[in-house]
Structure formats: C-alpha cells, structure tokens
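Report on the structure
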Protein chains: 2
Amino acid sequence: MMKPEEQLKIITRNAVHVETEAELLAKLREGRPLRVKYGADPSAPDLHLGHSVTLRAMRDLQDLGHQIVFIIGDFTGMLGDPSGKSQTRPQLTREQVEANAETYARQVSKILDMERAEVRNNSEWLGALTPYDVIRLAAQATVAQMLARDDFGQRYRDNQPLGVHELLYPIFQGYDSVAVEADIELGGTDQIFNFLFARELQRGVGQAPQIPITRPLIPGLDGQQKMSKSLGNYVGLTDPPDEMYGKLMSIPDALMEQYCRLCTDVPEAEIEQMAREMASGGLNPRDAKMRLAREIVGTYHSPEAASAAQEAFTRLFAGGKKDPGLETLLEAAEEAVLAADLEGQAVWLSKALVLAGLAPSASEARRLVQQGGVWVGEGKASDAQAEITLTDGLLLRVGKRRVRVVRFG
Amino acid sequence: MMKPEEQLKIITRNAVHVETEAELLAKLREGRPLRVKYGADPSAPDLHLGHSVTLRAMRDLQDLGHQIVFIIGDFTGMLGDPSGKSQTRPQLTREQVEANAETYARQVSKILDMERAEVRNNSEWLGALTPYDVIRLAAQATVAQMLARDDFGQRYRDNQPLGVHELLYPIFQGYDSVAVEADIELGGTDQIFNFLFARELQRGVGQAPQIPITRPLIPGLDGQQKMSKSLGNYVGLTDPPDEMYGKLMSIPDALMEQYCRLCTDVPEAEIEQMAREMASGGLNPRDAKMRLAREIVGTYHSPEAASAAQEAFTRLFAGGKKDPGLETLLEAAEEAVLAADLEGQAVWLSKALVLAGLAPSASEARRLVQQGGVWVGEGKASDAQAEITLTDGLLLRVGKRRVRVVRFG
C-alpha cells in the first residue's frame, strides 16, 4: 500500500470537512484495508453527476486498496412514507428494492469496481432490532440535536409537518456504521450531521469512530440550485452521449472549473490554467466546456461516443449559430412516443412537455415556460396553459438542445 | 345497568375535559361493559391522594358495571432512562417490576376491586413490535405536536436535554389503548395530550376512539405545587392513620373544599354547605378539616382508626394550643430507629432529618429548616448545617405534627 501520508493527500483532495485528519492518518497507519461506507437509497436509483463527486472519491480509496461497503437502504425503502403524507416516497416491494438496487449498482459500476465491493442490505441488522434496541438508539440523540440540522430545523420553524419517525432515520443511518464497522464515510456536505452522529453511536459500543469526509454539492445546470433530479437540472450518468454533451455545453461558464475539478480526471494544474486563460480572454469558454463535455461523455460512454457527440453538436451549432433552424432541429430531435389514444387531443403546453419527457412535472414545465426556455415548433412559448393539439411530428424544445418530435405508438 | 344518561352524570362528575360527552353517551347506549384503561408506572409504586382522584372515578365506573383494564407499564419500566442521564429513572429488573406492580396493585385495591380488573403487562404487545411497526407508529405524530406538550416544549425551549426516545413514549402509551381496545381513559389534566393522541392511533386501525376524561391535579399539602412524592407535599395512601390525619390537618383552609370534593364521598351539597359556613365564620376551618381527615383516614384505614387518630390529634393540640409541650410531643412521637453505629455521631441537622425519615432528601430538609418548620427538642432550628449529635431520645419535629424520637437498633 502507498505511504499513509500520500494516501491522506489523495483521500482528502477537494474535501470540505474531515473529522479528523489526524484520526484518518492513524487509521491509515494501521496498514489494513479500511472499510468505506456508502449508503444507497433504493427509492431514488437514478444517479447524476452530483453523486459522482463522492463515487469518484470512493474510487480513489478503492484504488488505494480499501474496502467499499455498499449498503442498500432497503429497511426504510420498503417503508416508504409511513405517515402517508408524501407522494415522493412510495412504499417499495422487495422486488422493486432489488430492481432499483440493481439499477443503482449498474450506474455505480461506471465508477467503482463493484466486483470488489461488499454489498449489504441494511434490513439485515435494522430489521432485527427489538423495540428496546430502537429506544436505546433513539436515546443517544436529543430533539435539539436533530432540529439543529438545517433541513429538519427549517421544516419545524416553517410549520411544515416533520414526523417523529423522520428523527429516527438519521439514527438508523448512523447505526449502519456500527453494523458494518465503518472506518470512513464519504458524502456531500449536507450529510455531515449524520456522519458525526454515527461516530457517537460507534463510540457508545466501543468502536473506533469513523472518519467523515464531505465534499461540495455541485450546482445544477442552471448554476443556481444544487443538482437534483426533482429540479430537472441534472446530467444523469446514463443520459445518452448527445444529451449529456449538450447539457454540459449549456452550463454557465463559471461552472466549468468546479465541474472539471469534481467530476473529471483533468489534472488540477490544467484546470487552473484553463480558468486563468478563460479569465484573460485567451480561451473561449465554449472550448473549455467542450473539453469538459468530452471528458465526461468519455468517462460514462467512451472516447468514441464523446467524439461523435462533439461532432453532432458542432454541426448543429455550426458557425456559432445560436439558434438552429427547424430542419436542423428535426434532424437532431429524439422521438417522444406517446400512447396512441392521445393523438389529436388538446392539452395544456405544460402537460405536453411532461408527456414528451422534457419536464419532470407540470410545475417544472410552467417554470421553464416562464423563463422563456420553451419552443413549440419554431415559436417561443409564453403561456404554459396554452392549449396545444398533440399531433404526429409536433416539435417541442426546451433550451437550445433538448428537442422532441412527438410520435404515437 | 343504569340508564346511560344517569351513568354519564356520574362518570363526568368533577371532570375538566371529556372528549366527547356525545361519544361517551353513544358508547354507554351500546349497553355493554366499557373497557376503562388505567396505566400504572411500575417505577413509581407509591400512590398518594393525587392518584386517588382518578382511581375513585374508576371505582364509579367499576360500580356501574364497566371493565377496568389495569396496564402495568413494564415495557418502559425495564428500560429506565436509556440515555443514562437521569438518575430518577433507574432500570428495573423483571423482579423489581413485578414487586412494584404488586405494591401498586395492593394500594389501588384500597379503592378498586382488583379481583374484577383485567391486569396486563404492556411488554406483551410493545415488546412484540418490529422496528417497522415502531416507525409506522412514530409516523402518526409530528415533532411539532409533541413539542406542543407543555413539558416537552418547556424543556426544548429551556435547552434541557430532551431525548428522541422520549417522543416515542407517548406514542407507545397511545398504542396501549389500541392493544386493549380502550373505550375510556381517565387521568389528570396533564394527560390530555396522550389521551387524545391515542384516539388518532385507534382511528388509524379502524377502532372507535376512546373517550378521554380528565380531572384536576390536586395541590399538595403546601397548597402551592401539585401533590407529588418528589416534592414531599403528599398524603400517601399507605401513610399510618396518625400521620395521614396530621398531614390533612396541616393543609391551608382553602384546600378543604377541593380535597373533600375530589378525595372523599362527602356529598356535594354538604361540601358546599361547609364551604359557605366556613366563609361566613359559622364553621371553624379546623372542624371542617377534621371532617375531611376523618373521612380519608376512614377510607384508607377504618372508621375506628379515624376516631383514634382524631382523639390523638385532639389530645396533642388540646384546648386549641398551637404548640404542644415536650412531654405531649414525646408521647405522640413515632420512633425512628437508626443503625447502632450511628449512635453518638455528629451530623448536620439536614442529614439527621433524612435519617429520621422526616425529609426525603437533604435539600428538602434544608428547605424545611429555612421555612422555620423544624424543631430539635423544643427549640426551633435555623441552620440546616448545625451539627447535632445523634443520641437516644433525641426529639426531631417537622411542622406541628411530624415528630420522631431517635432510637438505635
């Protein structure tokens, strides 16, 4: 194994918080493969670039000879939202959990070597807890500690319902660390509370506490909010090459540096140079983003796919044209195949966008229209409640690049 | 069975809150014995007059032909304080729970016919919950609902530790109602939150919700704070006749009416008449309190014991003397038998009072001395840290009536 000091440098690259470097170094000096916990939520199996930040850091650990413990959160996944108040956390069957975990692992395997990972379902230990155990675990946290978390505290202060069971989830997540005897837990900065709480539970049973290492949450394609599936501002790890490429070309210039640093293998020195040249006007941001897009498509598909995507993109926006013509669009458009009985029906534009897969929800569709980023055919749309008739060949477009031609199946 | 309307009148006598009378009447009209839940805390087996308020109301229900379900809270009793932060909730063994439950039931049997009660341990159903069940139950309550409780909310706002597990206890208590299919739950006004929450859980599983009926918490002997063992301002249901009688004679005159109404069978009309006569000066408050003390000693001991206690009291305070002489005190004093090796030792007065059973704690002893209610021999004590030598025949006295002569065994 590499020297502990050198490992430390790699492991803490781009980290926001390490608790603590001294403890981490001591663990590395033990010279054994450390156990690196990764918790997967089987109710949300679609991974995006935001997830890749942590996964890439885990890949580094794996390359250094450490042991990835991939924990499938089937315990809570099969509960869904037991208060029945949230539609976003449906109750999953055992089969759905397994199918989602499979989907999740397939995407993760684009980054990690899943053959070498230890895969565990947390129902194995959480499902075996007695109610006495649950109370003893819950007694390790105070309500004030829990409400000190940004998300819980905000909901409580805003009079949004916060179920008592939700206070148990971080406790169970912490107990996962005890069960797998985690040495390291990696994640986004929003996870630090849970990671630190796990340390307390581990100390409580006499285990050496895990080392939490957090990294930044990357902004979404809009550059405003954090990347998330529900906001629609994401690059999915399974997006087709052209879509992935086009989405990355659409980001604000200022994001290039951060995406490059956290989501690619481009060396730090090179990133800094690109940033400097962009700032001085020596490098066209478009070229820098093309570099970024090529790297990422190359990673999740292949260098060949990246070249092809770049060619298609260049053709579409040839000569620096900002807005391609209808013919070019039609050529580049993906098909959205709708149910046959929808043909000829009149629906709100917002609904049509959802049906065509251009928006995850009607409210998101309305937002897109309000921002002036939606076209029907060649005309820019201004009213999400405009009635449009679903016809074969109807062309819908969001932003510069996401074009769908409606067909019926 | 008695007519529902007449039953309603008896059952809701002195009630503060009934949720709702209409529902209660509907249940009574079903003509079956209703199931009346009573939860006993086996970590606090000493009952006092405060508890008798609810127990007497249950006795009324029992007399009307309804079924008392006596639930021993062994589930949480055996957990103690799992956070390890409170010394007042020690973890009990199965044997201690059983012994305490036995002690509890023996005291309850002074009021209820325990032969006819259904006795259950709540570990029977709570101990059988899976962790999934616990989460589903916890999901029925929000954190805001829980913090709306006076006690929880106050501790949270005062930055006192409030464990996450403590939010689970009212939920488990509510689930007791589901498990025994309670029709009615009786208790003090401080229980209304728990009682109402149980209704939600019952509705959740399709049960007709129980009817909570609450009654006032009676003030302690000091007339200031609610009666409680930890405050030392209580009349225990097992106090000896003289002590019980003396304590009741020591209450502020203003309490007579409330104690009579909530703790005795004296008819309402008579209570009101006594109150009127006391107000107009036609009845000496001392005589009214003698009536109260006789009633209560008669209930928990016997009419003969009540007469004897009254005689002893009258002798002690013959002729309206406010302060009896040493001889009279000695005659009336109970013995406090201390360990032989304590003889001749010098201790702080506060310690001596605890040893003699005149104060539950040194801090309470200090309070009594500060209030000017402690005598050593005939002299009033002013300093709880005065050193006194433990000798045979030492006379210690708290208030007018609680006198101990020190002996060694």
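Preceding this paragraph is the structure being described.
First things first, this report covers the structure right here in the doc. What you see is a predicted model; the values in this text were computed from it and never measured.

1. A closer look at the overall build of chain A
Scanning chain A for helices and strands turns up 19 helices and 13 strands. In terms of overall size, chain A behaves like a compact globule, its C-alpha atoms giving a radius of gyration of 23 Å where 409 residues would be expected to give roughly 22 Å. Considered along the principal axes of its C-alpha atoms, chain A spans approximately 70 × 50 × 40 Å. Relative to its full complement of 409 residues, chain A shows a buried share of 50%. When contacts within chain A are restricted to residue pairs at least 6 apart in sequence, those whose partners lie at least 24 apart make up 70%. Total accessible area on chain A stands at roughly 18200 Å², and carbon and sulfur atoms take up 48% of it. If you average the places of the 46 positive and of the 57 negative side-chain charges in chain A, the two averages end up 3 Å apart.

2. Structural notes on the packing of helix α15 (residues 285-300) of chain B against helix α16 (residues 303-316) of chain B
Residues and elements named next belong to chain B. One way to put it is that α15 packs onto α16 with a least axis distance of 7 Å and a crossing angle of 145°. Of the two possible hands of crossing, α15 and α16 adopt the one that is right-handed. In this structure, α15 uses R286, M290, R294, V297 and G298 to contact α16, whose residues at the interface are P303, A305, A306, Q310, F313 and T314. Here the contact of α15 with α16 is built from residues that sort into 6 nonpolar, 3 polar and 2 charged.

3. Digging into the environment of B:N159
By the element assignment, B:N159 lies in the loop between α9 (150-157) and α10 (164-180). With 114 residues separating them in the primary sequence, B:N159 and B:P45 have C-alpha atoms 30 Å apart.

4. Concerning the interface of chain A and chain B
Contact residues are listed per partner, giving 34 residues for chain A and 34 residues for chain B. Both faces combined, the contact of chain A with chain B buries some 2900 Å², and carbon together with sulfur accounts for 77% of it. For the chain A face of the interface with chain B, the top three residues by lost area are A:Y132, A:I135 and A:V164, together amounting to 24%. Taken together, the connections running from chain A to chain B amount to 0 salt bridges. Linking chain A with chain B are 4 residue pairs in polar contact (both at pLDDT 80 or more), by the criterion used here. Among the secondary structure elements, those contributing two or more residues to the side of chain A that touches chain B are α6 (123-126), α7 (131-138), α8 (143-147) and α10 (164-180) of chain A. Taken together, the residues of the side of chain A that touches chain B break down into 26 nonpolar, 7 polar and 1 charged.

5. Section: the nonpolar core
Membership of the largest hydrophobic core comes to 198 residues, with the highest contact counts inside it found for A:L49, A:Y259, B:L49 and B:Y259. The contact partners of A:Y259, leaving out residues within four places of it in the chain, are A:L49, A:I218, A:P219, A:G220, A:L221, A:M227, A:L248, A:I251, A:T264 and A:L292.

6. Notes on the relation of the copies chain A and chain B
Rotating chain A by 178° and translating it 0.0 Å along the rotation axis places it on chain B, where the RMSD comes to 0.5 Å. The operation mapping one copy onto its partner corresponds to a two-fold rotation axis. Both copies share a contact surface, since 100% of the interface residues of chain A are interface residues in chain B too.

7. Topic: the packing of aromatic side chains
One pass over the structure, following the stated rule, counts 13 aromatic pairs over all chains. Both rings, one in B:Y38 and one in B:F70, keep their centres 5.9 Å apart while their planes meet at 25°; by these two values the pair is stacked. Here the residue B:Y38 occupies a position in strand β2 (residues 35-40), and B:F70 occupies one in strand β3 (residues 67-72), the gap between them amounting to 32 residues. An aromatic cluster is defined as three or more aromatic residues linked by ring pairs; in this entry it consists of A:Y38, A:F70 and A:Y104. Across from the ring centre of A:Y234, 4.7 Å away, lies the NZ or CZ of A:K247, which sits over that ring. Geometry around B:W375 places B:R397 over its ring, the cationic atom sitting 4.0 Å from the centre.

8. Examining helix α3 (residues 49-63) of chain A
Residues and elements named next belong to chain A. When the terminal C-alpha atoms of α3 are compared, their 20 Å separation across 15 residues agrees well with the 21 Å that a helix rising 1.5 Å per residue should span. Within α3, burial applies to L49, S52, V53, T54, L55, R56, A57, M58, L61 and Q62. Where α3 terminates, the next one or two residues include G65, which has phi positive at roughly 100°.

9. As for the sheet that holds strand β1 (residues 17-18) of chain B
Residues and elements named next belong to chain B. One open sheet accounts for 6 strands, arranged β1-β6-β5-β2-β3-β4; its pairing is mixed. The open sheet terminates on both sides in strands that have one partner only, identified here as β1 and β4 (118-121). Taken together, the 5 bridges between strand β5 (residues 184-188) and strand β6 (residues 211-215) define a ladder with parallel strand orientation. What sits directly across from E185, in β6, is P212.

10. A closer look at helix α19 (residues 362-370) of chain A
All names here are of chain A. Inspection of α19 places E364, A365, L368 and V369 among the buried residues, and these make up the whole buried set. Burial along α19 is one-sided: seen end-on, the buried residues are contained in an arc of 140°. Contact partners of the buried residues in α19: α18 (349-355), β9 (374-376) and β12 (395-398). Looking at the residues trailing α19, positive phi occurs at G372, about 75°.

11. Some words on the state of the cysteines
Summed over all chains, the structure comprises 0 disulfides over all chains. Lacking any disulfide linkage, B:C260 is separated from the closest cysteine sulfur, that of B:C263, by 8.8 Å.

Reading guide: rules and limits
- Residues numbered from 1 in each chain as written.
- Chains lettered and ligands numbered in written order.
- Predicted model: local features only at pLDDT ≥ 70, side-chain atom pairs only at ≥ 80, totals over all residues.
- Heavy atoms only, no water.
- Helix = DSSP H or I, 4+ residues; strand = E, 2+ residues; numbered from the N terminus.
- Rg over C-alpha atoms; globule rule 2.2 N^0.38 Å.
- Buried < 20%, exposed > 50% of the residue type's maximum accessible area, 1.4 Å probe, protein only.
- Contact = heavy atoms within 4.5 Å.
- Areas by Shrake-Rupley, 256 points an atom, 1.4 Å probe, with all protein chains shown as cover.
- Lys, Arg positive; Asp, Glu negative; His and termini not counted.
- Charge placed at Lys NZ, Arg CZ, Asp CG, Glu CD.
- Axes fitted to C-alpha atoms, helices over the stretch in contact; angles between N-to-C directions.
- Left-handed = near helix turned anticlockwise from the far one by under 90°.
- Nonpolar A, V, L, I, M, F, W, Y, C, P; charged D, E, K, R; others polar.
- Buried area = accessible area lost by both parts, 1.4 Å probe.
- Salt bridge = Lys/Arg side-chain N within 4 Å of Asp/Glu carboxyl O.
- Polar contact = N/O pair within 3.5 Å; in protein donor to acceptor, adjacent residues only side chain to side chain.
- Core = buried A, V, L, I, M, F, W, Y, C linked by side-chain atoms within 4.5 Å.
- Least-squares fit on C-alpha atoms with pLDDT ≥ 70 in both.
- Phe/Tyr/Trp six-rings, centres within 6.5 Å; stacked < 30°, edge-to-face > 60°.
- Lys NZ or Arg CZ within 6 Å of the ring centre and 35° of its normal.
- Expected span 1.5 Å × (residues − 1).
- Pairing = 2+ DSSP bridges.
- Arc of directions from axis to C-beta.
- Disulfide = S-S within 2.5 Å.

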